[in-house]
Amino acid sequence: MTSTHAFWLAGRQATGESDFDVTSPWDGTTVGTVSLPTDAQVEEAVAAAYAVRDEFAATPAHTRAAALDHVSRRLAERTEEIARLISAENGKPVKWARGEVGRAVSVFRFAAEEARRFNGGEAQRLDTDAGGQGRLALTRRFPKGVVLGIAPFNFPLNLCAHKIAPAIAAGAPLVLKPAPATPLSGLILGELLAETELPAGSWSILPVPNDRMPALVQDERLPVISFTGSETVGYAIMDSVPRKHCTLELGGNGAAVVLADWASDEDLDRAAARIATFSNYQGGQSCISVQRVIADAAVYDRLLPRIVAAVEAQVTGDPNDDATDVGPLVSEAAAERVESWVEEAVTAGAKLLTGGKRDGASYAPTVLTDLPADTTLAHEEVFGPVLSVQRVTGEAEAFAAVNDSKYGLQAGVFTHDLQAAFRAHRALEVGGVVIGDVPSYRADQMPYGGAKQSGVGREGVRYAMDDYTYERVLVLTGLAL
């Protein structure tokens, strides 16, 4: 498997004074050895990004777009190699890892397109009042400064891409910290960026340990922080730097609602299959995986056994096997946490219909009913292959159940009723409503983020570029309009 000792400092390879091994959560083998940057090297990266910020902001759009197009092409060319690397360091089944590489290909392509059309300027006439006669305002967007991107382990390539690509497209230098458990995928992006002609200092990829992050977070030369990860860490970052611009994509406990009109055998089979797949597809380690199923009483009794059967049909095992649907969690500690939450729920009265067993870092796909409201599983994000099924009566009760959560990332609503779809869009306190499917659908060009405790701001290339930039107005005087 791939092995690397280098990180990327101001666009060049560098090595530090100490290394750490990246190991597979499936079998514990060493996937690669990563060099840790020293404090002096981190300072060099930040100083270089800060020094190049004006030059990079003025870099022609075609230069930045060409670099992004290059990364997109090279990812596509190396899909199988990179997918195997993702699977090795993350434990994700290789078939899902291939999909992740494909999404990253699209992210860089979208960013290249946006780089070419972003910031064209908006003209506004000001002679609508007498005092503005002969004046015209031109509004353009400019980078706020260097971006500190902090990426999670669950999509170790694509969520690094969602930090890097919008920053380059907008002309904002970036210092990226990949997750400690999965740094190799992010470093691959550095390898591809190093093949471009972007100015030195415009990007660095530094596998900095978590305990050394507070100094970076506090650094005034990094005015924008883009974080994807846990609610606890995200809000701690925001609270520690109240005057910085922070975008937070945090978490959720995604709900799939099945309304009474989704009632044919074909409908219920499809809902069960989609729910089973997307409660388990990354070992449940996705912010929009299905954690809660909220089914109308009119379909509940026919849907529940279908869900259990579809979950039991998920193929678990070696993530290197193309047939595997569900691999291990990112670590044994993560699986132990999921195990403890399920045991707490069952002790409190929940019914375990299938699963509920751990083997090392792997946890069996699990279905519960009658989940007590005061259990951890009922109100926190499990980030594991566990779902609960709840019976409700009517649309209003279903929508209220979705909203009975501190999270609000995305929700799925299985219905054929167009009016119900629009009512769901109005009623559900989430960042996205998916009709006719689970909440786990995400297109990388659309705005993605949540309400309530699911975060602040939006990912999605064009929308992240807005977060990384601000409007600046130019007023032209003495014009014959």
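The shown structure was predicted, so the numbers you read here are calculated from the model rather than taken from an experiment.

## Some thoughts on the overall build of the protein chain
Okay, step 1: Counting its regular elements, the protein chain contains 16 helices and 24 strands.
Okay, step 2: Since a compact globule built from 481 residues should have a radius of gyration of about 23 Å, the 24 Å found for the protein chain is in line with a globular shape.
Okay, step 3: Across the 481 residues that make up the protein chain, the buried fraction comes to 56%.
Okay, step 4: Long-range contacts, defined as pairs at least 24 residues apart, comprise 72% of the intrachain contacts of the protein chain with a sequence gap of at least 6.
Okay, step 5: For the protein chain, the accessible area works out to roughly 19000 Å², and carbon and sulfur atoms hold 50% of it.
Okay, step 6: Distance between charge centroids for the protein chain: 6 Å, based on 43 positive and 62 negative side chains.

## Some thoughts on the side chain of N158
Okay, step 1: If you trace the backbone, N158 turns up in helix α6 (residues 158-170).
Okay, step 2: By relative accessible area, N158 is classed as buried at 1%.
Okay, step 3: A distance of 3.1 Å separates the side chain of N158 from the side chain of D444, its partner in a polar contact.
Okay, step 4: Setting aside residues up to four positions removed in sequence, N158 forms contacts with E100, R103, A104, V107 and D444.

## Overview of the packing of helix α4 (residues 79-90) against helix α5 (residues 94-117)
Okay, step 1: At a closest axis distance of 8 Å, the pairing of α4 and α5 adopts a crossing angle of 120°. Relative to α5, the element α4 is oriented oblique. In the crossing of α4 with α5, the sense of the turn from one axis to the other is right-handed. Contact residues: α4 offers T79, E80, I82, A83, R84, I86 and S87, while α5 offers V94, A97, R98, E100 and V101.

## Describing the sheet that holds strand β6 (residues 136-143)
Okay, step 1: Pairing within the open sheet is antiparallel, and its three strands lie in the order β5-β6-β24. Here the strands that pair on one side only, and so sit at the sheet edges, are β5 (122-125) and β24 (469-476). Taken pair by pair, the neighbouring strands of this sheet meet at an average axis angle of 30°, ignoring direction.
Okay, step 2: With four bridges connecting them, β5 and β6 associate as antiparallel partners. Each bridged residue has a counterpart across the sheet, and for Q124 the counterpart in β6 is A137.
Okay, step 3: Each of β6 and β24 is contacted by helix α16 (residues 461-468), which is oriented at about 70° to β24, the strand it contacts most.

## A look at the nonpolar core
Okay, step 1: Counting 81 residues, the largest nonpolar core has L68, L75, F108, L148, I164 and L189 as the members making the most contacts within it.
Okay, step 2: Per element, the largest residue contribution to this core is eleven residues, and it comes from α5.
Okay, step 3: Within the second largest apolar cluster, 33 residues are counted, among which are C287, V311, F383 and L409.

## Here we look at the pairing of strand β12 (residues 255-258)
Okay, step 1: Burial along β12 is two-sided: the face carrying A255 and V257 and the face carrying A256 and V258 are both buried.
Okay, step 2: Inspection of the sheet shows β12 paired to strand β13 (residues 292-296) by four bridges, in the parallel sense. Pairing of V257 across the sheet is with I294, part of β13.
Okay, step 3: Taken together, β12, helix α10 (residues 265-278) and β13 constitute a β-α-β crossover, and its handedness is right-handed.
Okay, step 4: Here β12 pairs with strand β20 (residues 410-414) via four bridges, running parallel.

## Some remarks on the side chain of Q314
Okay, step 1: One can find Q314 in the loop between α11 (297-312) and α12 (332-347).
Okay, step 2: On the basis of relative accessibility, which here comes to 15%, the residue Q314 falls in the buried class.
Okay, step 3: Excluding residues that lie within four positions of it along the chain, Q314 makes contacts with A276, T277, N280, D325 and V326.

## Here we look at α11
Okay, step 1: For α11, with 16 residues, the first-to-last C-alpha span of 23 Å sits near the 22 Å given by 1.5 Å per residue.
Okay, step 2: Within α11, burial applies to V299, Y300, L303, L304, I307, V308, A310 and V311.
Okay, step 3: In this fold, the buried residues of α11 make contact with β12, α10, β13, β14 (351-354), β17 (366-369) and β18 (386-392).
Okay, step 4: Between a side-chain oxygen at the N-terminus of α11 and the backbone nitrogen of A298 the separation is 2.8 Å; the capping residue is D296.

## Comments concerning the packing of aromatic side chains
Okay, step 1: What the rule picks out here adds up to six aromatic pairs.
Okay, step 2: The rings of W96, F278 and Y281 are connected pair by pair, giving a single aromatic cluster.
Okay, step 3: One Lys or Arg, K92, reaches over the ring of F155 and ends 4.0 Å from the middle of that ring.
Okay, step 4: Above the plane of the ring of F155 lies R103, whose end atom (NZ or CZ) is 5.6 Å from the centre.

## Overview of the environment of L481
Okay, step 1: Inspection of the secondary structure assignment puts L481 in the segment after β24.
Okay, step 2: Ignoring any residue separated from it by four or fewer positions in sequence, one finds L481 in contact with R125, D127, G134 and R135.

## Some details on α12
Three or four residues apart is the spacing at which side chains of an α-helix point the same way, because the helix has 3.6 residues per turn.
Okay, step 1: With 16 residues, α12 should cover 22 Å at 1.5 Å per step; its first-to-last C-alpha distance of 22 Å lies within 8% of that length.
Okay, step 2: Looking only at α12, the buried set comprises A334, A335, V338, W341, V342 and A345. On an axial view of α12, the arc spanned by its buried residues comes to 125°, and they lie on one face. Looking at α12, the residues exposed on the side facing more than 90 degrees away from the buried face are A333 and T347.
Okay, step 3: If you follow the buried residues of α12, they end up packed against β15 (358-359), β16 (362-363), β17, α13 (376-379) and β18.
Okay, step 4: In the segment just after α12, G349 is the residue with positive phi, at about 125°.

## Let's talk about the pattern of salt bridges
Okay, step 1: In the structure shown here, the tally under the stated rule is 38 salt bridges.
Okay, step 2: Notably, a salt bridge pairs R212 with D39, separated by 3.0 Å at the nearest N-O pair. Here R212, found in the loop between β9 (203-205) and α8 (213-218), pairs with D39, found in helix α1 (residues 39-51); they are 173 residues apart in sequence, far enough to count as distant.
Okay, step 3: Look at R212 and you get partly exposed, because its relative accessible area is 25%.
Okay, step 4: Taking the shortest distance from any N to any O, the salt bridge between K95 and D325 comes out at 2.3 Å. Of this pair, K95 sits in helix α5 while D325 is found in the loop between α11 and α12, placing the two residues 230 residues apart along the sequence.

Calculation rules
Residues numbered from 1 in each chain as written. Predicted model: local features only at pLDDT ≥ 70, side-chain atom pairs only at ≥ 80, totals over all residues. Heavy atoms only, no water. Helix = DSSP H or I, 4+ residues; strand = E, 2+ residues; numbered from the N terminus. Rg over C-alpha atoms; globule rule 2.2 N^0.38 Å. Buried < 20%, exposed > 50% of the residue type's maximum accessible area, 1.4 Å probe, protein only. Contact = heavy atoms within 4.5 Å. Areas by Shrake-Rupley, 256 points an atom, 1.4 Å probe, with all protein chains shown as cover. Lys, Arg positive; Asp, Glu negative; His and termini not counted. Charge placed at Lys NZ, Arg CZ, Asp CG, Glu CD. Polar contact = N/O pair within 3.5 Å; in protein donor to acceptor, adjacent residues only side chain to side chain. Axes fitted to C-alpha atoms, helices over the stretch in contact; angles between N-to-C directions. Parallel < 35°, antiparallel > 145°, perpendicular 65-115°, else oblique. Left-handed = near helix turned anticlockwise from the far one by under 90°. Pairing = 2+ DSSP bridges. Core = buried A, V, L, I, M, F, W, Y, C linked by side-chain atoms within 4.5 Å. Right-handed = clockwise from strand over helix to strand, strands pointing away. Expected span 1.5 Å × (residues − 1). Phe/Tyr/Trp six-rings, centres within 6.5 Å; stacked < 30°, edge-to-face > 60°. Lys NZ or Arg CZ within 6 Å of the ring centre and 35° of its normal. Arc of directions from axis to C-beta. Salt bridge = Lys/Arg side-chain N within 4 Å of Asp/Glu carboxyl O.

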